[in-house]
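Here's the letter readout for the chains.
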Amino acid sequence: MPLLGAHMSISGGLHLAFDRLKEVQGKALQIFTKNERQWKAAAISPEAADLFVQQWMDAGAIPMAAHDTYLINLAAIDEIILQRSVTAFAEELRRAEVLKIPFLITHPGSHLGEGVEAGLHRLVKNLDRAIEGSETCAVSVLIETTAGQGTNLGSKFEEIAFILEKSNNRERLGVCFDTCHTFAAGYDLRDAEAYHKTFRLFDDIIGLQHLKFFHLNDSKKGLGCRVDRHEHIGKGCIGLQGFRLLLNDHRFKDHPMVLETPKDKDLKNDKENLRILRSLIDADRE
């Protein structure tokens, strides 16, 4: 069955994310390795890294991913922002490698009026610069599908395919499929016909073999709205049937799928969203 989990806080220490995940009985984890609203952070100490890895092993070496800082824009026009982004992304890769995290998930960035084609070329060039400058080898970069809000890149499957095809580091690239973002970008998931059409398109344009990770979020806004607003499972415009189809799709039976839905410190929302997701899995799939 799919490996369900959630994005968890690292407040108080990186290793505490596993305690929080255990509380919701999660089987997959996503974290930020630093404050997601800051460019820089203190280096991860050897002791903190060892403790994190030990907690990961104690949790059964479950699938996990890091998400990079929201400030990074590898398609930026401003040279100062661009250089900060390249430096920060290289550091994100190094931090993930120190923690033995196999995936680093990133939004493709924004072209800021330069146009999609020019933005994609800038993104690929600077993504390669960051990967090569990081001097890492073990972390795969997962390009996240986006809603297409503003000038954000990555809302069309063709744009994701371009990044994977044109990079000099394509063997290290894959895709994270965000249900809210993809729906908001115009790819329907709400019934069997629409769901299968969307994944046929994904397979034809990108290739399902590149899909490594899922973000499970309902959408506050409607199909094709191009607005990124996450909602609790079954409370938004995708609805339960879309998630039922995904959770019972045999092609994704071993894929990690994490929540990024609204949450409080008591994790009550995560527990309820995961309960709903588990209830959608057919009994013969468990």
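How each quantity is defined
- Sequence order as written defines the numbering, with residues in each chain counted from 1.
- pLDDT decides what is reported in this predicted model: residues at 70 or higher carry local features, side-chain atom pairs at 80 or more are listed and counted, and totals for whole chains, interfaces and linings draw on all residues regardless.
- Hydrogens and waters are ignored; side-chain quantities use all the structure's heavy atoms.
- Each helix is a run of H or I in the DSSP string that is no shorter than four residues. Each strand is a run of E no shorter than two, and both are numbered from the N terminus.
- The atom set for the radius of gyration is the C-alpha atoms, and the globule formula is 2.2 Å times the number of residues raised to the power 0.38.
- We call a residue buried when its accessible area falls under 20% of the maximum for its residue type, exposed when it is over 50%, and partly exposed in between, using a 1.4 Å probe and counting protein chains only.
- Note on definitions: a residue-residue contact is assigned when non-hydrogen atoms from the two residues lie within 4.5 Å.
- The Shrake-Rupley method, run with a 1.4 Å probe sphere, supplies the accessible areas, and residue values consider only the shown protein chains as cover.
- Charge convention: Lys and Arg are scored as positive, Asp and Glu as negative, and His as well as the terminal groups of each chain are ignored.
- Each charge is placed at NZ for Lys, CZ for Arg, CG for Asp and CD for Glu.
- To estimate the expected span of a helix, subtract one from its residue number and multiply by 1.5 Å.
- The arc under discussion is defined with respect to the helix axis, by the directions toward the C-beta atoms.
- For two strands to count as paired, DSSP must find a minimum of two bridges between them.
- Here a crossover is taken to be right-handed if, once the strands point away from the viewer, the path from the first strand over the helix to the second is traced clockwise.
- Nine residue types can take part in a nonpolar core, namely buried Ala, Val, Leu, Ile, Met, Phe, Trp, Tyr and Cys, and a core is a set of them joined through side-chain atoms within 4.5 Å.
- To pair, rings of Phe, Tyr and Trp, with the six-membered ring standing in for Trp, must have centres within 6.5 Å; the planes then decide the type, stacked if under 30 degrees apart, edge-to-face if over 60, and tilted in the middle.
- Here an angle of 0 to 180 degrees is reported between the N-to-C directions of two axes, which are lines fitted to C-alpha atoms, with helices fitted over the stretch in contact.

1. Focus on the overall build of the chain
No. 1: Tallying secondary structure elements over the chain gives nine helices and ten strands in all.
No. 2: Computed over C-alpha atoms, the radius of gyration of the chain comes to 18 Å, within 12% of the 19 Å expected from 2.2 N^0.38 for 286 residues, which places it in the range of a compact globule.
No. 3: For the C-alpha atoms alone, the extent of the chain along its principal axes is close to 50 × 45 × 30 Å.
No. 4: A buried classification covers 54% of the 286 residues belonging to the chain.
No. 5: The contacts of the chain with a sequence gap of at least 6 include a subset with a gap of at least 24, amounting to 76%.
No. 6: Only carbon and sulfur atoms are counted for the fraction: they give 51% of the accessible area of the chain, which is about 12700 Å².
No. 7: Charge centroids of the chain, computed over 36 positive and 41 negative side chains, lie 3 Å from each other.

2. Describing the side chain of aspartate 270
No. 1: Position of aspartate 270 relative to the elements: it lies in helix H9 (residues 268-279).
No. 2: Overall, aspartate 270 belongs to the buried group, its relative accessible area being 1%.
No. 3: Sequence-distant contacts of aspartate 270, that is, excluding residues within four places in its chain, are made with Ala6, His7, Met8, Val24, Leu259, Thr261 and Lys263.

3. Brief notes about H9
No. 1: For H9, spanning twelve residues, the distance from its first C-alpha to its last is 17 Å, which sits close to the expected 16 Å at 1.5 Å a residue.
No. 2: Turning to H9, its buried residues number three or more, namely Asp270, Asn273, Leu274, Ile276 and Leu277. The buried residues of H9 all sit within an arc of 155 degrees when viewed along its axis, so they share a single face. When the buried face of H9 is taken as reference, the exposed residues oriented beyond 90 degrees from it are Lys268 and Ser279.
No. 3: Residues of H9 that are buried in the fold lie against strand E1 (3-7), strand E7 (211-216), helix H8 (240-247) and strand E10 (256-259).

4. Comments concerning the pairing of strand E4 (residues 103-106)
No. 1: Taking every second residue as pointing to the same face, both faces of E4 are buried, with Phe103 and Ile105 on one and Leu104 and Thr106 on the other.
No. 2: For strand E3 (residues 64-67) and E4, the ladder comprises three bridges, and the chain directions are parallel. Opposite alanine 65, over in E4, you have phenylalanine 103 as the bridge partner.
No. 3: Summarising the sheet, E4 and strand E5 (residues 140-144) pair through four bridges and their orientation is parallel. Bridged to threonine 106 within E5 is isoleucine 143.
No. 4: Handedness of the crossover joining E4 and E5 through helix H4 (residues 116-134): right-handed.

5. Some details on the nonpolar core
No. 1: With 77 residues, the main nonpolar core has Phe199 and Leu216 as its most contacted residues.
No. 2: Discounting chain neighbours no more than four positions away, the residues touching leucine 216 are Leu4, Thr179, Ile233, Phe243, Leu246, Leu247, Met257, Val258, Leu259, Glu260, Thr261 and Leu277.
No. 3: Of all hydrophobic cores here, the second largest spans eight residues; its members include Phe103, Leu142, Cys176 and Val258.

6. Here we look at the packing of aromatic side chains
No. 1: In the structure shown here, the tally under the stated rule is eleven aromatic pairs.
No. 2: When the centroid spacing of 6.1 Å and the interplanar angle of 70 degrees are considered together, the rings of phenylalanine 103 and phenylalanine 213 count as edge-to-face. You can see phenylalanine 103 sitting in strand E4 and its partner phenylalanine 213 sitting in strand E7, a full 110 residues away along the chain. Judged on exposure class, the residue phenylalanine 103 and its partner phenylalanine 213 are both buried.
No. 3: For the pair tyrosine 195 and phenylalanine 199, a centre-to-centre distance of 4.8 Å together with 50 degrees between the ring planes defines the contact as tilted. Placement of both tyrosine 195 and phenylalanine 199 in helix H7 (residues 192-205) is noted, with a separation of four residues, approximately one turn of the helix.

7. Examining the sheet that holds E7
No. 1: Pairing is parallel around the closed barrel formed by eight strands, whose spatial order is E1-E2-E3-E4-E5-E6-E7-E10. The sheet shows a mean angle of 30 degrees between the axes of neighbouring strands, direction not considered.
No. 2: Where E1 lies against strand E2 (residues 29-31), two bridges are found, and the strand directions are parallel. Paired with histidine 7 across the bridge in E2 is glutamine 30.
No. 3: The sheet contacts of helix H3 (residues 79-98) involve E3, E4 and E5, and relative to E4 the element is tilted by about 150 degrees.

Read these as geometric descriptors, not functional statements.
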